[in-house]
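# Observations on chain architecture
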Amino acid sequence: MAFALLTSVAPIFGLYTSFFPVVMYMIFGTGRHVSTGTFAVVSLMTGSVVEQLVPTPLAFNSSSSEAADLEAQRIGVASAVALLSGIIMLCMFGLQLGFLSTYLSEPIVKAFTSAAAFHVTVSQLQSMLGLRLPRSTGSFSLFKTLALVMKNLSHTNMAELLISVVCLAVLVPVKEVNTRYRHRLRTPIPVEILVVIIATCVTYFSSLDSSYNIEIVGHIPAGFPKPQLPAFHTFPAIAGDTIAITFVGYAVSVSLAMIYADKHGYSIHPNQELLAHGISNTVSSFFTCFPSSATLATTNILESAGGYTQLSGLFTSLVVLIVLLVIGPLFYFLPKAVLACINVTSLRQMFLQFQDLPELWKISKLDFMVWVITWLSVVVLNVDLGLAIGVLFSMMTVICRTQRADCSVLGWASNTEIYRPMENHSKCYEVPGVKILTYNGPIYYGNRSFFREKMSRVLGLTPEKIRSREKAKKALEKRERESSVSSVERGIANTSFSSVNEFFESETSEKDVQAVLIDCSRVIFVDVAGARLFTQMCTECQKIGVHVYLANCNENVLKILTSSGLMSHMNPQHIFVTVHDAVLYIQQQREKPLETNPTVWV
């Protein structure tokens, strides 16, 4: 009922959303400990859509005849969001797109839910203070709402403020007790139910609604809702927001299901979860329900109470059924300020996620930045736009990591077949005349320039050096031709270099690089641009008399390199299974083997 206020619909629709989706998920879902229903973040995002399409009139009288029409329009939009969200999930299931939830990483989900908790809290301030203000939507909505609240503080209803203070004074300590002593308590203390019952009784017997003009829930019809069609004509207007709501609801649901699945030793099927939540939202939308997903608080309660299978959802839905059929009308005098306090205190776990930041900073600075950027974007801009910025920034960090992968020089550990980066291992030594390189990432169009820059710097492949060697090579060939002609005419033997290789060997000192060996064990893939770069660098190395060797190439990388024509510029015998085999072969060719019996890969 409290989360229905976030959706800008009547509380009764929160009860409907806590019943129908639970039954559907119990049949089709794979999460044994997952409790579905209303979720604060999804309700808040849906409420923003509802307020954009059906805003509250400035001079609105809740008891007028227009109230019923306004409520019907709002639940029609909310049901349309649920229907479209369900259709999107079913289409994703048909295309087997369950893996898309992985794009919402853990830092994104935690930052997003934590920032959304601030939006929820600020949106509930007007109910807690007894202010009748229009709901702000769009970018900077949090600050707009705060400005409106500050501007109208003088109109605060003191009775509702007192109710809110008392409720918070009871809810916060008892929830803290439930959290700290959850292992000792068989079931958590149902403080929310107790507060609702007491507040309803006090309001009824004291006539607070008429004496102090506090806002109450009002009429809650008993029984099941009549099936009705959602507002189909709103589909074009809600499509963009619904996509964001769908991804958030699905990602949170799957993440929560996987947490408890790992804890209790069973598996979750993401695509089946798409089917379960898709059917839940699609079917329930015809019974005036708004979008649903897995819920953090009730899932935690369900697990701590000993639920082990999806059938536990049957018993929770029976409780909601009793409320719908019998108890619901008794909440007529329940103050909405109490529901607002329940909303705020239910977000405790989301606020506590700030405690993860110091540890996240120690583990990964980039993930820390993803968390901060996502949180700031959601708080400053809006929930859906902030989430999009967080996802884009996270994907950019992945691209940057592949673009700026490390290129290390490997050294040989004496009397072993082990080669490790020399900057991290002081006892590894560089093989004379051989430069062993490893690149810790893929080689593709996005990072080929960085890869070339690194390789050129290590090998000294400067344009000046290549041009000087080419000039020397052409001069040598010209001298050889002239010498051959004069030798034949005079009958004198040719004493010049017999080959270009002998020339390079004479020009190269023992300390210069004569061979470069690339360890491809960490190159997970190569695209066409990367393969062409390999060919180009092979050609440039040959121009300065440096032979290129490859080792540890996986099958896909080797296939792409071969298909791109690398073998026409490189000896096929220069490809080896291991780095050590390649080094032994190179040393054997130079007649300076590291061992007496080298093993060459064929």
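What you see is a predicted model; the values in this text were computed from it and never measured.

## Structural notes on the overall build of the protein chain
Summing up its helical and strand segments, the protein chain has 26 helices and nine strands in all. Sequence separation of 24 or more characterises 79% of the internal contacts of the protein chain that already satisfy a separation of 6 or more. Carbon and sulfur atoms make up 61% of the accessible area of the protein chain, which amounts to about 29,700 Å² in all.

## Observations regarding the packing of aromatic side chains
Taken as a whole and judged by the stated rule, the model has 22 aromatic pairs. For the ring pair F118 and W375, a centre distance of 5.4 Å and an interplane angle of 90° mean the geometry is edge-to-face. A residue pair is termed long-range when its members are at least 10 positions apart, and F118 in helix α6 (residues 106–123) and W375 in helix α19 (residues 365–380) qualify at 257 residues. With a relative accessible area of 17%, W375 lands in the buried category. Ring centres of Y439 and F451 lie 4.9 Å apart, and the angle between their planes is 75°; on these two criteria the pair is classed as edge-to-face. With a gap of twelve residues between them, Y439 in strand β6 (residues 434–439) and F451 in helix α21 (residues 448–459) connect regions that are remote in the sequence. For Y439, a relative accessible area of 1% translates into the label buried. You can call F451 buried: its relative accessible area is 2%.

## Here we look at the UniProt feature "transmembrane region" (unreviewed entry) in the protein chain
In this numbering, the UniProt entry assigns the feature "transmembrane region" (unreviewed entry) to residues 6–27, 75–99, 185–205, 242–261, 314–334 and 368–394. Secondary structure content for residues 75–99 is 80% helix and 0% strand, and the end C-alpha separation is 32 Å. Between the first and last C-alpha atoms of residues 185–205 the distance is 33 Å; the span itself is 71% helix and 0% strand.

## Describing the pairing of β6
Among the six residues in β6, six count as buried, and that is most of the element. Neither face of β6 is open: one carries V434, I436 and T438, the other K435, L437 and Y439, and all of them are buried. Strand direction decides the pairing type here: strand β3 (residues 407–413) and β6, joined by four bridges, are antiparallel. Bridging from a neighbouring strand, C407 pairs with Y439 of β6. In terms of strand pairing, β6 meets strand β7 (residues 515–519) through five bridges, oriented parallel. Bridge pairing in β7 places K435 opposite V516.

## Description of a nonpolar patch on the surface
Taken together, the side chains of V177, Y181, L185, I189, L194, I198 and V202 define a hydrophobic patch exposed on the protein surface, amounting to about 560 Å² of accessible area. Within the fold, V177 resides in helix α9 (residues 158–180). A relative accessible area of 35% means that V177 is categorised as partly exposed.

## Some points on the pattern of salt bridges
Inspection of the entire model under this criterion finds eleven salt bridges. E215 is the partner of K336 in a salt bridge, and the nearest nitrogen-oxygen pair spans 3.3 Å. Of this pair, K336 sits in helix α16 (residues 336–345) while E215 sits in the loop between α11 (208–211) and α12 (235–264), placing them 121 residues apart in sequence. With a relative accessible area of 18%, K336 lands in the buried category. Residue class for E215 comes out partly exposed when judged on its relative accessible area of 27%. Linking K435 and E430 is a salt bridge whose minimum nitrogen-to-oxygen distance equals 2.8 Å. K435 sits in the buried class, given a relative accessible area of 13%.

What counts, and at which threshold
- Residues numbered from 1 in each chain as written.
- Predicted model: local features only at pLDDT ≥ 70, side-chain atom pairs only at ≥ 80, totals over all residues.
- Heavy atoms only, no water.
- Helix = DSSP H or I, 4+ residues; strand = E, 2+ residues; numbered from the N terminus.
- Contact = heavy atoms within 4.5 Å.
- Areas by Shrake-Rupley, 256 points an atom, 1.4 Å probe, with all protein chains shown as cover.
- Phe/Tyr/Trp six-rings, centres within 6.5 Å; stacked < 30°, edge-to-face > 60°.
- Buried < 20%, exposed > 50% of the residue type's maximum accessible area, 1.4 Å probe, protein only.
- UniProt positions renumbered as here; feature names shortened; annotations may be inferred.
- Pairing = 2+ DSSP bridges.
- Patch = residues over 30% accessible without salt bridge, like charges linked within 9 Å, V, L, I, M, F, W, Y side chains within 5 Å.
- Salt bridge = Lys/Arg side-chain N within 4 Å of Asp/Glu carboxyl O.

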